[in-house]
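Coordinate analysis (summary)
This is what each chain is made of:
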Amino acid sequence: MSAAVLTYDAKRRRVVTTPEGLALPFVVATRGARLGAFMLDYLILMTGSVAITLLIAYVAGGLDGLDGEGRGGAGEFLQVVWMLFWFLAWNGYFMAFELGPRGATPGKRVVGIVRRSNLIQALA
């Protein structure tokens, strides 16, 4: 490694001391890496939302079937299902992945923000 890379990496290292007195070293991710991870997560959410919207529209018999008229409330029910899916997906996506066993969204894992090897290197 060159001196510039080592200096840059040293600038991003942080040590947090817990109330119990335990020092936890880590390396802060760059803005570009975080933006890339967010864009990947957003792409995953958008793809899922479009797929579910098309599936619900197909079940309703086309987008005109979602107006709620003439089907005994089936269109309205599908609208409620879609709104619940959308709310849970966009609000629960980050929470579910961050609180999961890996502690990172798929975008963060692809970009490499959270890696066990980085944590092990930081603790060494």
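Residues numbered from 1 in each chain as written. Predicted model: local features only at pLDDT ≥ 70, side-chain atom pairs only at ≥ 80, totals over all residues. Heavy atoms only, no water.

Overview of the pairing of strand β1 (residues 13–17)
The pairing of β1 with strand β2 (residues 23–27) spans five bridges and is antiparallel. Bridge assignment links T17 to a residue of β2, and that residue is A23. The turn joining β1 and β2, which pair antiparallel and follow one another in sequence, is formed by five residues; a positive phi near 90° is taken by G21. (Pairing = 2+ DSSP bridges. Helix = DSSP H or I, 4+ residues; strand = E, 2+ residues; numbered from the N terminus.)

A closer look at the pattern of salt bridges
Oppositely charged side chains can pair when the atoms bearing their charge come close. Per the counting criterion, the structure on display carries one salt bridge. Between E98 and K108 there is a salt bridge; the shortest N-O distance is 2.9 Å. Of this pair, E98 sits in helix α3 (residues 74–98) while K108 sits in helix α4 (residues 106–111), and the two are ten residues apart along the sequence. (Salt bridge = Lys/Arg side-chain N within 4 Å of Asp/Glu carboxyl O.)

With respect to the confidence of the model for the protein chain
Averaged over the protein chain, the pLDDT score is 78; the fraction of residues at 70 or greater is 75%. Within the protein chain, α4 carries the highest mean pLDDT (89), whereas helix α5 (residues 116–123) carries the lowest (49). Low pLDDT, under 50, characterises residues 1–6; the predicted model gives this stretch one contact beyond four residues in sequence or across chains. (pLDDT = per-residue confidence, 0-100. Contact = heavy atoms within 4.5 Å.)

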